[in-house]
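Overview (structure and organization)
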Amino acid sequence: MNIPQKLSIAIPFLNEADNLSRFPSRVLELREVLKGFELEFLFVDDGSGDRSIEVLKSHNFSGARIIRLSKNFGSHQAIMAALEVATGNFFTFMSADCQEDVSLYPSLL
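The structure reproduced in this document is the subject of the present report.

What counts and what doesn't
- Residues numbered from 1 in each chain as written.
- Predicted model: local features only at pLDDT ≥ 70, side-chain atom pairs only at ≥ 80, totals over all residues.
- Heavy atoms only, no water.
- Core = buried A, V, L, I, M, F, W, Y, C linked by side-chain atoms within 4.5 Å.
- Buried < 20%, exposed > 50% of the residue type's maximum accessible area, 1.4 Å probe, protein only.
- Helix = DSSP H or I, 4+ residues; strand = E, 2+ residues; numbered from the N terminus.
- Contact = heavy atoms within 4.5 Å.
- Arc of directions from axis to C-beta.

Here we look at the nonpolar core
Residues Ile9, Ile11, Leu20, Phe23, Leu30, Phe41 and Phe43 are the most contacted members of the largest nonpolar core, which totals 22 residues. Where this core is concerned, the elements lending two or more residues are strand 1 (6-13), helix 1 (17-20), helix 2 (23-33), strand 2 (38-45) and helix 3 (52-59). Ranked by residues supplied to this core, first place goes to strand 1 with four residues. Ignoring any residue separated from it by four or fewer positions in sequence, one finds isoleucine 9 in contact with Leu30, Leu39, Glu40, Phe41, Leu42, Thr92, Phe93 and Met94. Core analysis: the next-biggest nonpolar cluster, separate from the first, contains eight residues, Ala10, Val44, Leu69 and Ala78 among them.

Given below as structure tokens:
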């Protein structure tokens, strides 16, 4: 029996509207290098005061969820909030500023 592989990726952010506008290409890159995985993107707003939420909603990513924290709790708490709602059998996180090398994710898994 083949068990579907699902990866939940937490993306905590605080005032990252400019960087989140670049995320559509990031999502395409991840889908390309992780073809065997269903991807769940958990964007966690850690108390942003900019247009980050509007930017995310305008892109309408397939498999994405937005979690809004009531105030800034810090990135570790934001990751924990995502972990509580993640549905994947694998979990990781990435920064909203697109610093990680996406090509390394297969070796991570």
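Quick notes on helix 2
All buried positions along helix 2 are accounted for by Phe23, Arg26, Val27 and Leu30. Looking straight down helix 2, one finds its buried side chains confined to an arc of 100°; they lie on one side. Elements in contact with the buried residues of helix 2: strand 1, helix 1, strand 2 and helix 5 (105-108).

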